[in-house]
Amino acid sequence: MVWSGKCWQWAVMAMLGGCLLAGTARADKVPDTLQQRIAACTSCHGKHGQGGGDGFNPRLAGKPALYLYHQLLNFRDGRRHYPMMRHMVTGLPEAYLREIADYFAAQEPVWPQPEPSSLPQAVLQKGRNLVMHGDPARNVPACAACHGKRLTGLEPAIPPLVGLPAAYVTNQLGAWRGGTRHAMAPDCMAKVASRLTPQQITAVAAWLSSQPVPEDTRPAPVGSMRLPLKCGGMTP
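All values reported here derive from a predicted model rather than from experimental measurement.

Thresholds applied
- Residues numbered from 1 in each chain as written.
- Predicted model: local features only at pLDDT ≥ 70, side-chain atom pairs only at ≥ 80, totals over all residues.
- Heavy atoms only, no water.
- Helix = DSSP H or I, 4+ residues; strand = E, 2+ residues; numbered from the N terminus.
- Expected span 1.5 Å × (residues − 1).
- Contact = heavy atoms within 4.5 Å.
- Axes fitted to C-alpha atoms, helices over the stretch in contact; angles between N-to-C directions.
- Parallel < 35°, antiparallel > 145°, perpendicular 65-115°, else oblique.
- Disulfide = S-S within 2.5 Å.

Undergrad: An account of helix H6 (residues 94–105) is requested, with residue identities and associated values reported.
TA: The end-to-end C-alpha distance of H6 is 16 Å, a good match for the 16 Å that twelve residues give at a rise of 1.5 Å each. Where H6 is buried, its residues touch helix H2 (34–37), helix H3 (39–45), helix H4 (65–76) and helix H5 (83–89).

Right, dumping it as structure tokens:
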């Protein structure tokens, strides 16, 4: 999860109201309920985790629960860097984070319309080739080889790529490439992103964001694909 600047005020208000801190607040003032615990999340990611409007508060609904859980751990343990998210989850136990992840994974996704791109068709075609076939010369596997042929993710812990704004995809690939975002070792996305050029990242992000969501949006079932890379956090 990523917090945009405009959400800071809402997040502070949520914290003051006991969001994500209900366990330490007095029971007669703040109810210790799941809805109370996720209030800080929904203030930026939407009531049902459908995502914020600026593209940098991504959709949580329907993503694999293990993926969401690992992102909360990554923020908590310093592998992903965003001060507000780190502050929100610091000190929270694994069971608490799993409950939040399970909640959003069970929500019905609200998928956005494709995002039109003003880039030349040749650039978009380059992005498509990278997503579907990779770049053997740079030892870059196809995105679809891990995220599924429909790009809707893979259970238990690989997220979908469809429905993400170009700016968000560019930002996250850039963070991996620049070493400011990490995952549990072995960090396969850091390896892939480090081999991509800035131009390739732009092309991939533009093509992905311009694609319609497929009719079947379910993540591919666990064990249905042979992954080209060994990634950390693929098991509970």
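Undergrad: Run through the packing of helix H9 (residues 166–178) against helix H10 (residues 188–195), naming residues and quoting values.
TA: With their axes 8 Å apart at the nearest point, H9 and H10 run at an angle of 95 degrees to one another. Comparing their axes, H10 and H9 come out roughly perpendicular. Residues Leu173, Trp176 and Arg177 of H9 touch H10, and the partners they reach there are Met189, Ala190, Ala193 and Ser194.

Undergrad: Any chance you could break down the packing of helix H7 (residues 121–133) against helix H11 (residues 198–209) for me, citing the residues and the numbers?
TA: At a minimum axis separation of 7 Å, H7 and H11 run at an interaxial angle of 90 degrees. In terms of orientation, H7 and H11 fall into the roughly perpendicular class. For the pair H7 and H11, contact is made by Val123, Leu124, Lys126, Gly127, Arg128, Leu130, Val131 and Met132 and by Gln200, Ala203, Val204, Ala206, Trp207 and Leu208, respectively.

Undergrad: Give me the state of the cysteines: which residues, what numbers.
TA: Evaluated as defined, the whole model comprises one disulfide. Here Cys146 stays unpaired: no disulfide links it, and the sulfur of Cys231, its closest cysteine neighbor, is 5.3 Å away.

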